[in-house]
Amino acid sequence: MQAVRVSLRSTLSPEQAVLWLRSDAHPFALVGEWLRTEAVLGSEPVRVARPDCDPFGLLDESPEIARGEAVVGGGWVGWLGYGLGARIERLPPPPPAPVVRPSFSLAFYDHVVVYDGEQWWFEALWSADREDALRERLALWQERLLAEPPSAREVVTTPFAVAANGTAGHVAAVADCRRRIAEGEILQANLCMRLEAGLDGDLLDLFARALPAAQPRFGALLDGVLSLSPERFLRREGRLVATEPMKGTRPRAGEDVASRAARDSLVGSSKDAAEHVMIVDLMRNDLGRVCEYGSVSVEPARVEAHAGVWQMVSTVSGRLRTGVGDGALLRATFPPGSVTGAPKVQAMKVIATLEATRRELYTGAVGIVSPVAGLELSVAIRTFETHNGSIWFGAGGGIVADSDPELELAEAFTKAAGPVGAIGGRIADAVGRNRGSHAPRTAAPARAALSYGRRPDPARGVFETVLVQHGEPVALGEHLDRLAVSLAELYDVTLDPGAATQARAATATVVGTSRLRILADVDGSLAISVSPERTTSATPLQLTPFAIPGGLGRHKWRDRELLEALAGQAPDTVPLLIDTDGLVLEAAHANVWIVEGGALLTPPADGRILPGVTRAALLAADRSAREEPIDLERLARADAVFLTSSISRRRAARLAV
C-alpha cells in the first residue's frame, strides 16, 4: 500500500463539510487537534469489527505502508467503552445499564478527508485492488467540497435530568467514597452521575451545531457518539508516547475578574493539587509498564482554559520498549487513570459498587490509529451517547479525603453545563434532577442498611418463573416477551421461537399448582423445569430495607447471590431494596405496592426495578393503580402494603420493626 495525498479545492469549514456525511455508511468526523490536523472525516470503511473481536488486538492489525505524502491516510477509527477494563482486570459486575450499548466500535478506513486549517486533502492507503473504488471516492469528495453544503436540520433535546438515584444518590456515593478513603481502602476514585434526555433529530446536525460553540480540542462524531472532550488520553508518534491527565476544575466564564479568581483558586488549591498528583503518578506508572526504563518523564502541571472550565493538566511521556504495539499500550493504560482513581483497580471496584448506572463509552476512549501518523485517543468525557431517541451524558469528578459531597455535585454540573449548552440543550431544575415532586432531597434513611455486595453477574444469564395452574402456564406470553427483551438487549440473541411450545409440553400433564422455570444462557439456549408450588402463609411478610445504588435493574438475573446474602442478614424477613436517594424500589422477589386513600401505588419502572408481569396486569386492570415514587416514610404511613409476583400473586407485607 502507498500513502497517497491529493489536494481538494474548497472553502468549506469542518462544521459545513461534516454535513456531507449524512447518507454515508459508518461516517465519522474528528475535529480539533487530531494527529496534528484540524479535521479528519471518513465513511464507507473496508472493514467493520465484529462484536466478538478483541479490540486491543485489532489495533495491531494495520497494513504495511510505503511512506508517501499522506499525513493520516486512514486506519482504525472508533471508540472503546469503559467496560473493556474488565477484559484486563478482574472486576465485579457493573451497575444496571439503562441502555445497553456495545463495548466498543471500530472500523478500518483506507481513505479519509483531511483539513489542515487552510487546505482540504483526500488521503488514502492506496492499493491496486482498491484503485477504482478510491478514484470514485476522490471524485465524490471533490464534487462535495465544491458544492454548497447541505442545510443543517433542526434537532431538539428535552431537558437533561439526573438518571437513577438523582443528585441525592450522587451525594451519598461521594460521602461513602470519603469513608472508604478514610479507612484506607483507596486514595481516590472518580465518581460520576448520568444525565439523560430525549433526542429528536440527527446527531450529525447536533455535532455541526456544537462545533463553533464548543471549539473542542478533541471533537468526535461516530457511531451514535458525539464527543467534545478536552483531554488527550494517548498520543503515539513512532515509539514516543504521551498522556495528558486532567484533574482539578473551576468554573470559567470568559476573562472577567471572577473567572480569573477561579483560576487562581485552582492554582492555590491543596485539595486539587493532591488529586492531580495522584493521577499523574498513576499514569506515570501505567506508561512505565510498557516504556523503556528511565524514559518516562513528567512536565510541571499547568492550568488550561476549556469550554466553561479551568482544568489542571500535566503531560507524562516516555519511549515504548521494542516490540510493544498499540494493543499492549492500551492494555497497560486502559481505562484512563484520570477517570478511575488510585489504586486504579480498587478504585474501579469502588466505582462498580457506588455508581447507580453502568458506564458505556463514558470514560473510555475515542480516536484513531493510523499506520502513517500513529495513535491519538481522547478520554471520553464531555461525551454524549445516543440510542433510539435517548441521549445521555456522564459528569463527575475525582473524590479525595477532603472532598465535600455537595461541592462535588456542583462541580459535576459545572462540567456538564458547557457541553450541554453547546448542543443547545439545558439541564433540568433541582426538582427534575431528583425525579419528581415526591422524590426526597436526602439520601437513604439510617433505618436502611447499605448493601455493597457483588451485583448480579449478567454472564450467568436470565430467567423467568411462571405460575402453572392445572397444566396451563399463566401469562406465558408476557413472560416470554420479557425474556426475549432481556436476551436481545443483554446478549444480542433471539429467543427460541419454540420456547412457548416447549413450556406447554413440560406442563401439559401437571395437576394442581406448580412453578415453571425457564433458564436462559447468554447464547440463548434454554433449560425448562417444573416443580410443585408450596402453600404460602397468609401472615404478612416482614420487610427489611437495604439500600443498593441504582437497584438491580430491569432484568431477572439468574445470579441471586446478593439477594440470598441480604436474606441471610435478616432471617425470617424479605429484603426490601431501596436506592440511596431514599426511594423504595422492589422486594427481593416481588414488586411493592402501597394503598393510600383508596389508590394503589407502586414505584415507577424507570430502569431500576424488574417490571413484573403481575404488576403490569394490576396497573391495567385497576383504575386506581398508578406509578408514583415512594420513600420509606410514605410506605410506613400507608393504609396497607402488599407485594405482587407471578407465583404468590398478591401478599400482604409491612416494615419489620
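Scroll up a little and you will see the structure.
First, a word on what this report is: a plain description of the structure on this page.

1. Things to note about the overall build of the chain
Counting its regular elements, the chain contains 16 helices and 38 strands. Here the chain has a C-alpha radius of gyration of 27 Å; the compact-globule value for 657 residues is 26 Å, and the two agree. Referenced to the eigenvectors of the C-alpha coordinate spread, the extents of the chain come out at roughly 80 × 60 × 50 Å. Carbon together with sulfur atoms contributes 51% to the accessible area of the chain, which is approximately 26,000 Å² in total. Of the side chains in the chain, 70 bear a positive and 81 a negative charge, and the two mean positions are spaced by 4 Å.

2. Remarks on the nonpolar core
Counting residues in hydrophobic clusters, the biggest one holds 52 residues, and the most contacted among them are W120, W141, F160, L195 and F384. The element that contributes the greatest number of residues to this core is helix α5 (residues 203–214), accounting for eight residues. If near-sequence neighbours (up to four positions away) are discounted, F384 is found in contact with F160, G224, V225, L226, L228, I391, W392, F393, P419, V420 and I423. Membership of the second largest hydrophobic core comes to 49 residues, among which are V468, V592, I609 and L643.

3. Quick word on the pattern of salt bridges
Overall, the coordinates contain 49 salt bridges when judged by the stated rule. Across the pair R235 and E237 runs a salt bridge, and its minimum N-O distance is 3.2 Å. Taking the relative accessible area as the measure of exposure, E237 reaches 32% and is therefore partly exposed. Linking E275 and K247 is a salt bridge whose minimum nitrogen-to-oxygen distance equals 4.0 Å. Linking E275 in helix α7 (residues 270–288) with K247 in strand β16 (residues 246–251), this pair joins segments that are 28 residues apart in sequence. Given a relative accessible area of 5%, K247 falls into the buried group. In the salt-bridge network here, residues are joined through shared partners; they are E33, R36, R217, R232, R235, E237, E244, R302, E304 and E376.

4. Points about the environment of G318
As for its placement among the helices and strands, G318 is situated in strand β20 (residues 316–319). For G318, a relative accessible area of 7% gives the class buried. In this structure G318 touches R239, L240, V241, C291, S295 and V296, once residues within four positions along its chain are discounted.

5. A look at the sheet that holds strand β19 (residues 309–313)
Note: strands within a sheet are paired through backbone hydrogen bonds, in either parallel or antiparallel orientation. Read from one edge of the open sheet, three strands run β16-β19-β18, paired in antiparallel fashion. The open sheet has two free edges, formed respectively by β16 and β18 (302–306), since each of these has just one partner strand. Ignoring strand direction, the axes of neighbouring strands in this sheet form an average angle of 30°. For β16 and β19, the ladder comprises four bridges, and the chain directions are antiparallel. Paired with M246 across the strands is V313, a residue of β19. In the packing of α7 onto the sheet, contacts are made with β16 and β19, and the angle to β16 comes to roughly 150°.

6. A short note on the side chain of R359
With respect to the helices, strands and loops of the structure, R359 is situated in the loop between α9 (344–354) and β22 (365–370). In terms of polar contacts, R359 uses its side chain to reach the side chain of E355, at 2.7 Å. At 3.0 Å, the side chain of R359 forms a polar contact with the side chain of T363. Setting aside anything within four residues of it in sequence, one finds R359 in contact with Y82, N190, L191, C192, V339 and I351.

7. Quick word on unusual backbone geometry
In the segment running from F334 into P335, the intervening peptide bond is cis, with an omega of -10°. Between A342 and the following residue, P343, the backbone shows a cis peptide bond with an omega angle of -15°. With respect to the helices and strands, P343 occurs in the loop between β21 (341–342) and α9. Positive phi, normally seen in glycine, also occurs at A164, with a value near 55°. Counting through the fold element by element, A164 comes out in the loop between β10 (161–162) and α4 (166–182). Taking the relative accessible area as the measure of exposure, A164 reaches 9% and is therefore buried.

8. Remarks on the packing of α4 against α9
Orientation of α4 relative to α9, taken along the N-to-C sense of each, is 145°, at an axis distance of 11 Å. In terms of crossing hand, the pair formed by α4 and α9 is right-handed. Together, A173, D176, C177 and R180 of α4 and V350, T353 and L354 of α9 make up the contact between the two elements. Residue composition of the contact of α4 with α9, grouped by class: four nonpolar, one polar and two charged.

9. Focus on the sheet that holds strand β17 (residues 297–298)
Ordered by their spatial adjacency, nine strands build an open sheet running β4-β6-β5-β22-β23-β14-β15-β20-β17, and the pairing between neighbours is antiparallel. In this open sheet, the two strands that pair with only one neighbour each are β4 (47–48) and β17. Both strand β5 (residues 75–80) and strand β6 (residues 104–109) contribute to a ladder of six bridges, which runs antiparallel. Within β6, the position partnered with G78 by the bridge is L106. Along the sheet face, α7 touches β14 (232–237), β15 (240–243), β17 and β20 and points at about 10° away from the line of β20. Most of the contacts of helix α8 (residues 326–333) go to β14, to which it runs at about 150°, and overall it touches β5, β14, β15, β22 and β23 (374–379).

10. Topic: the pairing of strand β7 (residues 111–115)
A large share of β7 lies buried, amounting to five of its five residues. Judged by which residues are buried, β7 turns out to be covered on both faces: H111, V113 and Y115 on one side and V112 and V114 on the other are all buried. As defined by bridge partners, strand β3 (residues 39–42) adjoins β7 across three bridges and the pair is classed as antiparallel. Its bridge partner lying in β7, L41 is registered against V113.

11. Comments concerning α9
Summarising burial for α9: eight of the 11 residues are buried, a large majority. Those residues of α9 not exposed but buried are K344, A347, M348, V350, I351, A352, T353 and L354.

12. So, the pairing of β22
The buried fraction of β22 is high, at six of six residues. Both faces of β22 are covered, namely the face carrying A365, G367 and V369 and the face carrying V366, I368 and S370. Taken together, the five bridges between β5 and β22 define a ladder with antiparallel strand orientation. Bridge pairing in β22 links W76 to V369. Direction of pairing for β22 relative to β23: antiparallel, over a ladder of six bridges. The partner of G367 across the bridge, within β23, is L377. Counting the residues between successive antiparallel strands, the hairpin from β22 to β23 contains three residues.

Rules used in this analysis
Residues numbered from 1 in each chain as written. Predicted model: local features only at pLDDT ≥ 70, side-chain atom pairs only at ≥ 80, totals over all residues. Heavy atoms only, no water. Helix = DSSP H or I, 4+ residues; strand = E, 2+ residues; numbered from the N terminus. Rg over C-alpha atoms; globule rule 2.2 N^0.38 Å. Areas by Shrake-Rupley, 256 points an atom, 1.4 Å probe, with all protein chains shown as cover. Lys, Arg positive; Asp, Glu negative; His and termini not counted. Charge placed at Lys NZ, Arg CZ, Asp CG, Glu CD. Core = buried A, V, L, I, M, F, W, Y, C linked by side-chain atoms within 4.5 Å. Buried < 20%, exposed > 50% of the residue type's maximum accessible area, 1.4 Å probe, protein only. Contact = heavy atoms within 4.5 Å. Salt bridge = Lys/Arg side-chain N within 4 Å of Asp/Glu carboxyl O. Pairing = 2+ DSSP bridges. Axes fitted to C-alpha atoms, helices over the stretch in contact; angles between N-to-C directions. Polar contact = N/O pair within 3.5 Å; in protein donor to acceptor, adjacent residues only side chain to side chain. Left-handed = near helix turned anticlockwise from the far one by under 90°. Nonpolar A, V, L, I, M, F, W, Y, C, P; charged D, E, K, R; others polar.

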